[in-house]
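Letter by letter, the chains look like this.
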Amino acid sequence: MEALKGINLIENKSIAIIGGGPGGLTLARLLQLKGANVKVYERDENRHIRLQGATLDLHFESGLKAIETAGLLNAFKENYRPDNDKYRVVDQNGIIFHDDHLKESTGDFGDEWFRPEIDRGPLRDILLDSLEPETVVWDSHIVSVENIENGWQIVFQNGNIANADIVIGADGANSKIRPFVTPIKPVYSGVTYLVGNIENSEKNTPQINSLLKGGKISAMADSKTLFLSAKGDGSLDFYIGWKTDENWAAKSGIDFKNAKQVQTWFKEEFKNWSNIWQELFKENETTFVPRPLYGMPSDQNWETQSNITLLGDAAHLLPPNGEGVNAAMLDALELSENLTNGKFLNLKEAIADYEKEMFERFVKEEKVTEDFLDFMYSPKGLEIMVEMFHELPN
Ligand SMILES: Cc1cc2nc3c(=O)[nH]c(=O)nc-3n(C[C@H](O)[C@H](O)[C@H](O)COP(=O)(O)OP(=O)(O)OC[C@H]3O[C@@H](n4cnc5c(N)ncnc54)[C@H](O)[C@@H]3O)c2cc1C
């Protein structure tokens, strides 16, 4: 049996990665370094679409490890945002309970607690620029795949089709590939975010901007949260979080394009919160997006197939916990290694081992996230958060 090992499982195989998020692009890069024939099918029309979402911190043992293995650490160092990782934890009045600005960042990529921040756009650019030309097929909204002899036919919304020997679903929370791997669906966490972005925060939200100081804020009180982060383009991202009904957005009757209507709701729902937060509703151009938070059940499992699997949110969506991008990139690293390291007899074994490790990581992460949501949305949320920061090594 041992003699059979060392075989190249992806030789002469075409690999279709569905979704060009951080997980899918990292996988494409890592596989191309091993000579694989890879295409990434991405729904976005082109690479210049502005990416929503706050900055991300990459972690030593996952996101940064994948970046380093992908040979992209120098590009990352040129694009990360020093000091953007500095957190302030405040109460509903903006009183500071924990302040990272009081300490020096180590800036040391060898320090496992150093978690450098990068905007989603530059991270995507680094990964895209590392790929061979024409790897990403833009404007490719996949609606389905069909199992054909020894492979897959990929069906696009525009009627096009493509073929591949192996399909990897990296298409995020509402994956179209997931149903071909498992019928298990995400469940609502009980918490909803109202997400927004404000251009030029220095001008439009001056009080919040000076409290933010180019970093991040977690404001907590009354079993509610407000997360804010400064982005490289001078804008400010924010997530208002609270426990509510899964269908709150539809039932609320709010027009989320109308900042005044959202403000009226905020004043009522967050009634003990200071007026400084009202700056978030001044700009009528701000579009608010309600995002009920979902997660996969911790006991999810499925039978491995030999030519299709999932990674990132498509595989193990969880409510935001600061790990999502890192987990997706670590999946990409582990999957690419299993497919190319010559340790497995066949694709099914390689994928089975990857999925086993991925499930084990997910079970741990799911527990941490559940505990996290429990305390964040409890009356003692602020107190527990501050304690946690004080327990971290300096
Ligand atoms: C409000 C919020 C805040 C978050 N904050 C953080 C954070 O601070 N740190 C962190 O690590 N994580 C955070 N996350 C989680 C993080 O965004 C995800 O875990 C991460 O992006 C998952 O990466 P992915 O590559 O698996 O999927 P995604 O990033 O979702 O990428 C999927 C890609 O697939 C494409 N796609 C989707 N459907 C199709 C289709 N049908 N056909 C073709 N292409 C398709 C999409 O356009 C996208 O490019 C947050 C999530 C949310 C909702």
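Keep in mind that what you see is a predicted model, and the values were worked out from it rather than measured.

*Asks:* What's the story with the overall build of the protein chain in this structure? I'm lost.
*Replies:* A tally of helices and strands in the protein chain yields 12 helices and 17 strands. Taken against the 2.2 N^0.38 rule, which gives 21 Å for 394 residues, the C-alpha radius of gyration of the protein chain at 22 Å falls within 12% of a compact globule. Taking the principal axes of its C-alpha atoms as reference, the protein chain extends roughly 70 × 45 × 40 Å. The buried share of the protein chain, reckoned over its 394 residues, is 52%. Taking all contacts inside the protein chain whose residues are at least 6 apart in sequence as the whole, residues at least 24 apart take part in 73%. Of the roughly 18500 Å² that the protein chain leaves accessible, carbon and sulfur atoms contribute 48%. Averaged over its 40 positive side-chain charges, the protein chain has a centre that lies 3 Å from the centre of its 62 negative ones.

*Asks:* What is the right way to read the packing of aromatic side chains from this model?
*Replies:* Centre-to-centre distance and the angle between the planes together describe a pair of aromatic rings. What the rule picks out here adds up to 25 aromatic pairs. Where Phe109 meets Phe114, the ring centres are 5.1 Å apart and the plane angle is 80°; that geometry is what we call edge-to-face. On the accessibility criterion, Phe109 (17% relative accessible area) is buried. The buried category is assigned to Phe114, whose relative accessible area is 4%. When the centroid spacing of 4.8 Å and the interplanar angle of 85° are considered together, the rings of Trp242 and Trp248 count as edge-to-face.

*Asks:* Sorry if this is basic, but what is going on with the nonpolar core here?
*Replies:* Nonpolar side chains tend toward joint burial in soluble globular proteins. Ile17, Ile67, Phe76 and Ile154 are the most contacted members of the largest nonpolar core, which has 67 residues in total. Among the elements that line this core, the one with the most residues is helix α10 (residues 324-340), at seven residues. With 30 residues, the next largest nonpolar core counts Trp242, Ala259, Trp265 and Phe266 among its residues.

*Asks:* What's the story with the pattern of salt bridges in this structure? I'm lost.
*Replies:* Oppositely charged side chains can pair when the atoms bearing their charge come close. For the structure on display, the rule yields 17 salt bridges. In this structure, Arg361 and Asp331 form a salt bridge, with 2.8 Å as the shortest nitrogen-oxygen distance. With Arg361 in helix α11 (residues 347-376) and Asp331 in helix α10, this pair connects stretches of sequence that are 30 residues apart. A salt bridge links Glu360 to Lys356, with the shortest nitrogen-to-oxygen separation between them at 3.6 Å. With Glu360 and Lys356 both in helix α11 and four residues apart, this pair spans about one turn of that helix.

*Asks:* Looking at this model, I keep getting lost on the sheet that holds strand β14 (residues 224-230). Mind explaining?
*Replies:* What links the strands of a sheet is backbone hydrogen bonding, and the strands pair in either a parallel or an antiparallel sense. One open sheet holds the seven strands; their spatial order is β5-β4-β13-β14-β15-β12-β16, and the pairing between them is mixed. Strand pairing shows two members of the sheet lacking a second neighbour, β5 (96-99) and β16 (289-295), which therefore form its edges. Averaged over neighbouring strand pairs, the angle between their axes works out to 20° when direction is ignored. Bridging between strand β12 (residues 187-198) and strand β15 (residues 236-243) involves eight bridges; their strand directions are antiparallel. Looking across to β15, one finds that Ile198 is bridged to Leu236. With respect to the sheet, helix α8 (residues 259-269) is in contact with β12, β14 and β15, its orientation differing from that of β15 by roughly 50°.

*Asks:* I keep staring at the domain arrangement of the protein chain and nothing clicks. Help me out?
*Replies:* By a widespread convention, an interface's size corresponds to the accessible area lost as its parts come together. Splitting the protein chain by domain gives domain 1 (2-81 + 116-185 + 296-373) and domain 2 (187-295). One C-alpha centre belongs to domain 1, the other to domain 2; they are set 30 Å apart. Taken together, the contact between domain 1 and domain 2 spans 17 residues of the former and 19 residues of the latter. A buried area of about 1300 Å², summed over both sides, lies between domain 1 and domain 2, and 50% of it is on carbon and sulfur atoms. Among the ionic pairs, Lys216 bridges to Glu117, the shortest N-O distance being 3.2 Å. Linking domain 1 with domain 2 are four residue pairs in polar contact (both at pLDDT 80 or more), by the criterion used here. Across the side of domain 1 that touches domain 2, the residue classes tally to nine nonpolar, three polar and five charged.

*Asks:* Would you mind going over the sheet that holds strand β7 (residues 136-137) with me for this structure?
*Replies:* With parallel pairing, five strands are arranged side by side in an open sheet as β7-β2-β1-β11-β17. Sheet topology places β7 and β17 (308-310) at the edges, where each strand pairs with a single neighbour. Looking at chain direction, strand β2 (residues 37-41) and β7 are connected through two bridges and run parallel. Residue pairing across strands places Val40 opposite Val136, the latter belonging to β7. Each of β11 (166-169) and β17 touches α11; the most contacted strand, β17, lies at about 15° to it.

Calculation rules
- Residues numbered from 1 in each chain as written.
- Predicted model: local features only at pLDDT ≥ 70, side-chain atom pairs only at ≥ 80, totals over all residues.
- Heavy atoms only, no water.
- Helix = DSSP H or I, 4+ residues; strand = E, 2+ residues; numbered from the N terminus.
- Rg over C-alpha atoms; globule rule 2.2 N^0.38 Å.
- Buried < 20%, exposed > 50% of the residue type's maximum accessible area, 1.4 Å probe, protein only.
- Contact = heavy atoms within 4.5 Å.
- Areas by Shrake-Rupley, 256 points an atom, 1.4 Å probe, with all protein chains shown as cover.
- Lys, Arg positive; Asp, Glu negative; His and termini not counted.
- Charge placed at Lys NZ, Arg CZ, Asp CG, Glu CD.
- Phe/Tyr/Trp six-rings, centres within 6.5 Å; stacked < 30°, edge-to-face > 60°.
- Core = buried A, V, L, I, M, F, W, Y, C linked by side-chain atoms within 4.5 Å.
- Salt bridge = Lys/Arg side-chain N within 4 Å of Asp/Glu carboxyl O.
- Pairing = 2+ DSSP bridges.
- Axes fitted to C-alpha atoms, helices over the stretch in contact; angles between N-to-C directions.
- Domains from an automatic or database assignment.
- Buried area = accessible area lost by both parts, 1.4 Å probe.
- Polar contact = N/O pair within 3.5 Å; in protein donor to acceptor, adjacent residues only side chain to side chain.
- Nonpolar A, V, L, I, M, F, W, Y, C, P; charged D, E, K, R; others polar.

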